[in-house]
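Take a look at the letters that make up each chain.
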Amino acid sequence: MAMARQGGAVSMLVLLLLLGACSLPAPAAAGVLLSTLPKALAVTASPKPGQVLHSGVDKLTVTWSLNATEPAGADAAYKSVTVKLCYAPVSQKDRGWRKSNDDLKKDKACQFMVTEQAYAAGARGSFEYTVARDIPTASYYVRAYALDASGTQVAYGQTGPATAFDVAGITGIHASIKVAAGVFSAFSVAALAFFFVIENRKKNK
Amino acid sequence: MADMELGAPGSSLHGVTGREPAFALSTEAPAGDSAAKFDLPVDSEHKAKSIRLFSFANPHMRTFHLSWISFFTCFVSTFAAAPLVPIIRDNLNLTKADIGNAGVASVSGSIFSRLAMGAVCDLLGPRYGCAFLIMLAAPTVFCMSLIDNAAGYIAVRFLIGFSLATFVSCQYWMSTMFNSKIIGTVNGLAAGWGNMGGGATQLIMPLVYDVIRKCGATPFTAWRLAYFVPGSLHILMGVLVLTLGQDLPDGNLRTLQKKGDANKDKFSKVMWYAVTNYRTWIFVLLYGYCMGVELTTDNVIAEYYYDHFDLDLRVAGIIAACFGMANIVARPLGGILSDVGARYWGMRARLWNIWILQTAGGAFCLWLGRASTLPASITAMVLFSFCAQAACGAIFGVTPFVSRRSLGIISGMTGAGGNFGAGLTQLLFFTSSKYSTGTGLEYMGIMIMACTLPVVFVHFPQWGSMFFPPSSGAAEEHYYGSEWSEEEKSKGLHSASLKFAENSRSERGKLRNNAVEAKATTPPNTTPEHV
């Protein structure tokens, strides 16, 4: 009886899972490969190599323009620019979840968006970015992609892993958390001691 | 009559396997029949003879629910970090080695705390044992919200892992409340439902994290606040255990104190017979590769789905939860399959059952590591979870028969083997950056299949092994009697073992037992003795 009930529960569970799994999205097609993109943008970032920025507090200014080595007019197709913060190789070491990949759809090194804005041909674009509070402690460099009208990357530029700067992320610990943890812990120990003492007294009476 | 005095070695593991009479704590039945006041039918010790799952009646069912939920809570807090690792690893700047080491640490602590827990239960009773552990572990859970580097992370996960010793208090407490005929089922349910906490946490923690994020917290604060949920559960369960629980069906704690510490059996002897029986070590290894890999997978699977398939934290948690939640049916099912097989073919069926389930689990683990599409991966994971957890249940269907004298210690060693296997597999396959988590799962699957092979060497002279029939002329009495020296036998100390041997004849299986009965019905020729 119990076995039939369990067997029914088992098959229900498996069925639900398979249904759920089938409704999940299929893997997407391969994206643009970084190695095929021309390094047509010259990108600069204000932090010096090794400088430490504090997230939530410090700002950095990033600029981009057409690389001087490119012929004029090469940027006619560039409609917008996305600027991203990428992990430097030293912060990717032993951390497979931050690995660079040539396929930009699978790349995990550039996870944080700095800005996305329209591209003005021939001009120098810039943006002042306050380091967001969810940027973790690590070494970074800046990469900018030029996108065409359909949103596909057609060129890029970066400040380069060699000139990486550091970000000191927030710990996330507030004083209120410390107090709450202390209070709850003390309560736990005190409650236990209370019950133990009371019951011992009752027993010894 | 009490078979094993308080403090006798192995007495703390009473009821773990459900085959031995569980007489850890007993009271004399008070004058006048007070059995009528219990909700369930009870025996002479007022232990329940049946179980009604949806009842909360005092004392038996209330104990059952308090006990398994406490164990469940400790599993929730021990594995609470696992689904949040993608956030924690960025906050604390962890490397893969740090994450792997923390996983190892989270399962290692309980190897020792489980051994100490036995003594604590013997001294204070299971109710206080459980409450002490769960309430003293609560500060460690809250500490997790305050750490800010890898060393702190590893240390706190190690300390929280100590709380897994509630397994011992849970089983011990059940054995004071439930009759030995059903204690196997009761403990199997409690163990399985407790283990489910490792799956439930993968659902609970991302959900709580999401809610806190929606309230406006940054990710690095949100996960710390989320840890207050398992911590508060610890305090809640501790208070409930202390206010609603009682050690014995009659609530009489004093008898516990009066019994004293008379050691009926020598610890060194019990240890010797446990350690020199080769079957003990084979089961220690086997349990490491069913329970151990289950704990390891609890630690790594959510991160695997998050990274490998680029899933949202919550979706990864839901999938990972399915792994641990299968315990609700899988572990008891393993025990049931073992019992059903033994009814027809005896012990040999139990051994084959273990081998089939655990090897299949290894094969599915290998498939899981290889699967490149999400539906295939999830299917492999679910099948892997069922087989591994059923194998856990199946192994505890056999361990009671390995030894009668040293059952408690063997059960404890087997349990410790599970944690050891968990630590080892995490260290070998999920700590180094040399290969990815998927490859680690593949290798783990292969190692499971390899380490399950030793079960073919388990041979009981009276029942046989997987490939060999029983040795002719061997009897259960001889096997269990061999654990006692001639001197001890002359004193009659082995009487309980003999009784067990007689009852264990059912492990010969229906066919052999029928043949024996057929012979017995023809009356033997006897010449009457007379002068």
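From a predicted model like this one, the values you see are computed outputs, not experimental measurements.

Draft legend 1. Representation of the packing of helix H3 (residues 96–124) of chain B against helix H5 (residues 150–161) of chain B in the model. All names here are of chain B. Close contact between H3 and H5 brings their axes to 6 Å; oriented N to C, the two are set at 25 degrees. By the angle class used here, H3 and H5 are roughly parallel. Crossing hand, H3 versus H5: right-handed. Between H3, through Asp-98, Asn-101, Ala-102, Gly-103, Ala-105, Ser-106, Ser-108, Gly-109 and Ser-110, and H5, the contact on the second element is made entirely by Ala-150, Tyr-153, Ile-154, Arg-157, Phe-158 and Gly-161.

Draft legend 2. Layout of the interface of chain A and chain B. Taken residue by residue, the interface counts 42 residues in chain A and 51 residues in chain B. Summed over both partners, the interface of chain A with chain B comes to about 4,300 Å²; 71% of that surface belongs to carbon and sulfur atoms. On inspection of chain A and its partner chain B, the count reaches three salt bridges. Salt-bridge contacts for Glu-199 of chain A lead to Arg-127 of chain B; the nearest nitrogen and oxygen are separated by 2.5 Å. At the boundary of chain A and chain B, one finds 15 residue pairs in polar contact (both at pLDDT 80 or more).

Draft legend 3. Highlighting a nonpolar patch on the surface. Residue and element names in this part refer to chain B. On the surface, Phe-267, Met-271, Val-275 and Trp-281 cluster together to form a nonpolar patch covering roughly 370 Å² of accessible area. Mapping Met-271 onto the fold places it in helix H12 (residues 267–275). By relative accessible area, Met-271 is classed as partly exposed at 30%.

Draft legend 4. Representation of the state of the cysteines. Residue and element names in this part refer to chain B. In total, this model carries one disulfide over all chains according to the counting rule given. Cysteine Cys-130 remains unbridged, with the sulfur of Cys-74 as its closest cysteine sulfur at 7.0 Å. Given the relative accessible area of 2%, Cys-130 is considered buried. Just so you know, Cys-451 is unpaired, no disulfide at all, and the nearest cysteine sulfur is the one on Cys-290, 12 Å from it. Assessed through its relative accessible area of 13%, Cys-451 is described here as buried.

Draft legend 5. Spatial organisation of the UniProt feature "transmembrane region" (unreviewed entry) in chain A. Per the UniProt record, "transmembrane region" (unreviewed entry) is annotated on residues 179–198 of chain A. A helix fraction of 100% and a strand fraction of 0% characterise residues 179–198 of chain A, whose end C-alpha atoms lie 28 Å from each other.

Draft legend 6. Looking closely at the side chain of His-234 of chain B. Residue and element names in this part refer to chain B. Relative to the elements of secondary structure, His-234 occurs in helix H10 (residues 228–244). Reaching out from His-234, the side chain makes a polar contact with the backbone oxygen of Ile-134 at a distance of 2.9 Å. In this structure His-234 touches Thr-73, Cys-74, Ser-77, Ile-134, Ala-137, Ala-138, Val-141 and Ser-163, once residues within four positions along its chain are discounted.

Draft legend 7. Focus on the pairing of strand E4 (residues 80–87) of chain A. Residue and element names in this part refer to chain A. Most of E4 is tucked away: seven of the eight residues are buried. Sheet analysis places E4 next to strand E5 (residues 112–118), joined by six bridges and oriented antiparallel. Its bridge partner lying in E5, Ser-80 is registered against Ala-118. The pairing of E4 with strand E7 (residues 138–147) spans eight bridges and is classified as antiparallel. By the bridge assignment, Val-81 is partnered in E7 with Ala-146.

Draft legend 8. Looking closely at the pattern of salt bridges. All names here are of chain B. Scanning all chains against the criterion turns up 17 salt bridges over all chains. With a closest N to O distance of 2.6 Å, Arg-350 and Glu-507 form a salt bridge. Separated by 157 residues along the polypeptide, Arg-350 in helix H17 (residues 347–370) and Glu-507 in the loop between helix H23 (495–503) and helix H24 (510–521) bring together distant segments of the chain. Like Arg-350, the residue Glu-507 is buried in the burial classification. Note that Glu-488 is salt-bridged to Arg-405, the shortest N-O span being 2.9 Å. Taken as a pair, Glu-488 in helix H22 (residues 486–490) and Arg-405 in the loop between helix H18 (374–395) and helix H19 (407–429) lie far apart in primary sequence, 83 residues in all. Comparing Glu-488 with Arg-405, the two get one shared label, buried.

Draft legend 9. How the structure looks around the sheet that holds strand E1 (residues 41–45) of chain A. All names here are of chain A. If you walk across this open sheet you meet the three strands as E1-E3-E6, and the pairing is antiparallel. Each edge of the open sheet is held by one strand with a lone partner, namely E1 and strand E6 (125–130). Strand-to-strand twist across the sheet, computed as the mean angle between neighbouring axes with direction ignored, equals 15 degrees. The pairing of strand E3 (residues 59–66) with E6 spans six bridges and is classified as antiparallel. Across the sheet, residue Lys-59 finds its bridge partner in E6, namely Thr-130.

Draft legend 10. Looking closely at the packing of aromatic side chains. Residues and elements named next belong to chain B. Tallying each qualifying case throughout the model produces 36 aromatic pairs over all chains. Taking the centre distance of 5.5 Å and the plane angle of 70 degrees together, the rings of Tyr-304 and Tyr-305 count as edge-to-face. This pair shows no difference in class: Tyr-304 is buried, exactly as Tyr-305 is. Note on Phe-323 and Phe-384: the rings are 5.5 Å apart at their centroids and 45 degrees apart in plane angle, and the pair reads as tilted. With a gap of 61 residues between them, Phe-323 in helix H15 (residues 313–325) and Phe-384 in helix H18 connect regions that are remote in the sequence. The exposure class assigned to Phe-384 is buried, which follows from its relative accessible area of 0%.

Conventions we followed
- In every chain, residue numbers begin from 1 and rise along the written sequence.
- To read the labels, note that chains go from A and ligands from 1, taken in the order they are written.
- In view of the model being predicted, local features appear only for residues whose pLDDT reaches at least 70, and side-chain atom pairs are presented and counted only at 80 or more, with totals across whole chains, interfaces and linings using the full set of residues.
- No hydrogens and no water enter the side-chain calculation; it runs on all heavy atoms of the structure.
- What counts as an axis is a line fitted to C-alpha atoms, over the stretch in contact for a helix, and the angles between N-to-C directions run from 0 to 180 degrees.
- Strands here mean DSSP runs of E at least two residues long; helices mean DSSP runs of H or I at least four residues long; both are numbered from the N terminus.
- Any angle from 65 to 115 degrees is called roughly perpendicular, while one under 35 is roughly parallel, one over 145 is roughly antiparallel, and all others are oblique.
- Two helices cross in a left-handed way if the nearer one is turned anticlockwise from the farther one by less than a right angle. They cross in a right-handed way if the turn is clockwise.
- We call two residues contacting when some pair of their heavy atoms lies within 4.5 Å.
- Each of two parts loses accessible area, computed with a 1.4 Å probe, when they are put together; buried area is these two losses added.
- Think of a salt bridge as a Lys or Arg side-chain nitrogen and an Asp or Glu carboxyl oxygen that are within 4 Å of each other.
- A 3.5 Å cut-off defines polar contacts: any pair of N or O atoms within that distance qualifies, except that in protein one atom must be a possible hydrogen donor and the other a possible acceptor, and neighbouring residues in sequence count only when both atoms are side-chain atoms.
- Here a patch means residues that are over 30% exposed by relative accessible area and free of salt bridges, tied together within 9 Å if like-charged and within 5 Å if nonpolar (Val, Leu, Ile, Met, Phe, Trp, Tyr).
- All accessibility values rest on the Shrake-Rupley procedure with a 1.4 Å probe; residue burial counts only the protein chains present in the view.
- Note on exposure labels: buried denotes an accessible area under 20% of the residue type's maximum, exposed denotes more than 50%, and partly exposed covers the range between, all computed with a 1.4 Å probe on protein chains only.
- Disulfides are defined as pairs of cysteine sulfur atoms found within 2.5 Å of each other.
- UniProt positions are given in the numbering used here, feature names are shortened, and annotations may be inferred rather than shown by experiment.
- DSSP-based pairing: two strands are paired if at least 2 bridges between them are found.
- Aromatic pairs are defined between Phe, Tyr and Trp rings, using the six-membered ring for Trp, whenever the two ring centres lie within 6.5 Å; interplanar angles under 30 degrees are classed as stacked, those over 60 as edge-to-face, and all others as tilted.

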